[in-house]
Amino acid sequence: MMDIAKIKQQEKRQRLFDKIKPFGYLAPFAIGVTIFTLYPIVNVFMIAFQENYNYITKTYDSIGFDNFAYIFSDPYFIQALQNTFMYVLIVIPISLCLSILIAYLLNQKVKFKGVYQTAYFLPMVTSTLAVGLAWKFMFNYRSGVINYLLNLIGIESINWLQVTTYNFPALCIYGIWSILPFTIILLLSGLQNIDPLYYTAARVDGANEKTIFFRITLPLLKPTIFLVLIINTISVFKVFNELFPLFNGPGVSNNMFTVVYYIFYQFRVRMPGEYGYAAAAAVVLFFIIFIFTMIQKYIEKKAKE
Amino acid sequence: MQTKHKVNISISTIVIYVLLSLGALVMVFPFYWMITGAFKTAVQIQMFPPLWIPTSFALDNFQTALSMAPFATYFMNSVIAMIGCVSCCSFTTILGAFAFSRLDFPGKNIVFGLLLGLMMVPFEMIVITNYRTIIDLGVYNTIFALIVPFTSSIFYMYILKGFFDSVPTSLYYAAKIDGCSDWKYLWKVMVPLAKPSLVTIILLNAIATWNSFLWPMLAVSDPSVRTLPFGLYAFVSEGGAHTELMMAASTMIVVPMIILFMFARKQIVNGVARGGLKG
């Protein structure tokens, strides 16, 4: 009798242990996510609506839209939105066209594929800051290699970094260059997923390379292209790091604000930090990215069907 | 007819190689310019037309840069932060992915759906609170501030869970019947099987940590705890840094990643193609 009771108790303990066990596996992961992802989101949304929030005393006057009213009347934030949207509108289409061309070429039967891939993908693994400094050196007005090449084809030297009108083009050139590797990789894997039978069939029917590219490759690549468009828009929308090597911040005369830089500026550059304004800007960023993500999910779902 | 066809093919082949090489040149040139710039003298670097090939390969600029700012310390901090982030994150990722893939607990699907939703939240948004959190935790301006927020990653957990899901469950039940505990099964069967996925995750994580700039700029300020990118920026923005010294310092940051990429190109490219980059 004693033994049975003991076994039963042991079984009970085992069952309890089995129930708790998954949480043991989950705990280290869950603690990190809760403190550094879940809590901050809730917190940022709350601060965004708390008027006159004081981070030291953690007090606020009232709840409302004051912070949003402030940022949307702040010329810097309007400028940040304009710059960021313009940047997206310029960088995304140009980098996409270049990437389609390069991915198409890389997908042909070429020798030294490894060498080419290494060359094209390097910017992806190297520090934005360090490589940005190399670009700053290349953009130099007096001794920059870019102006030297422009002079060769008869264009006068451009003061990329010190004259406000040229800051934005300089940022775009660097931005396009740095997003190419990622875009090419995604498009290349999309190209490799196209069944070679389509090409063979087209060739049998006497189609030339141009027709094959526009009538077969591009249409079949369409889902990948859409996906790349959205993923890149989300990542390019967060342009921030690039500003530091090129301009030491937001341009020569505070003309290069971006949305993420604005967040950084409100809570870290301003003294004391304006957390309410930063949080409101972060919420705006969140909703813009939320919309793009929803479009992405919709496309992914449609592509699967 | 036959010969004409052949000529056509070779012309298009030449065009392909020329275009590819031109593009590759544009992509690699900034690296070439950075590394050669590191070997030029203060006079050579300002020459116009520029000096295409440096005349000497003396390490003077590297020595000067190292004497002007504690780049050796920055380098060590970068290595410590990278090892800390990668090892902590891999550990929590393996356990978390296993729990979501093989174990049962109430609300599993709801929690997983919530995590997927959280994955789209931009890091730049939550940085505001995380900055305050590390101050409240008392780790601001220490090496821990660079590691603690990155001990778990939904993105990597999601990738690894995907792999764990693809391992047949029959293997799990067979091991269970043989009296193998979950813990033993995870480390003796699942982890060795998932090695390629794990290597990819570790590589992507290491690259992201090595290059991260925004967070170190927020979380530390003392030169003794700065990492390389932030240290380099401080070196540049605090003034007095000449271009050739900037290039020498940049080379120190970039070269380890170039070497890593040359050895592990396939894994890194596959990882990126599958899930994209973090951040």
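Residues numbered from 1 in each chain as written. Chains lettered and ligands numbered in written order. Predicted model: local features only at pLDDT ≥ 70, side-chain atom pairs only at ≥ 80, totals over all residues.

A. Representation of the overall build of chain A within the structure. On a plain count of helices and strands, chain A comes out with 12 helices and two strands. Going from N to C terminus, chain A has its helices and strands arranged as α-β-β-α-α-α-α-α-α-α-α-α-α-α. Taking 2.2 N^0.38 as the reference for a compact globule, 305 residues should give roughly 19 Å; the C-alpha atoms of chain A span a radius of gyration of 26 Å, well beyond that estimate. Each of the three principal axes of chain A carries a C-alpha extent, and together these read 95 × 60 × 30 Å. The buried share of chain A, taken over its 305 residues, is 39%. Considering only intrachain contacts with a sequence separation of at least 6, the fraction spanning at least 24 residues in chain A is 68%. (Helix = DSSP H or I, 4+ residues; strand = E, 2+ residues; numbered from the N terminus. Rg over C-alpha atoms; globule rule 2.2 N^0.38 Å. Buried ≥ 20, exposed ≤ 12 C-beta atoms within 10 Å, placed from the backbone. Contact = placed C-beta atoms within 7 Å.)

B. Representation of the confidence of the model for chain A. Per-residue confidence for chain A gives a mean pLDDT of 90, with 99% of residues at or over 70. The weakest mean pLDDT in chain A belongs to strand β2 (residues 62-63) of chain A at 84; the strongest belongs to helix α3 (residues 75-106) of chain A at 95. (pLDDT = per-residue confidence, 0-100.)

C. Geometry of helix α2 (residues 66-73) of chain A. All names here are of chain A. Within α2, the full set of buried residues consists of D66, N67 and I71. Axial view of α2: buried residues confined to an arc of 125°, hence all on one face. Summarising the geometry of α2, the exposed residues directed more than 90 degrees from the buried face are A69 and S73. (Arc of directions from axis to C-beta.)

D. Molecular detail of the confidence of the model for chain B. Per-residue pLDDT for chain B has a mean of 89; in total, 94% of the residues score no lower than 70. Across the interfaces of the predicted complex, the ipTM metric reaches 0.90, alongside a pTM of 0.90.

E. Structural context of the interface of chain B and chain A. In this assembly, 72 residues from chain B lie in contact with 71 residues from chain A. Residues that form the side of chain B that touches chain A fall into these classes: 52 nonpolar, 15 polar and five charged. (Nonpolar A, V, L, I, M, F, W, Y, C, P; charged D, E, K, R; others polar.)

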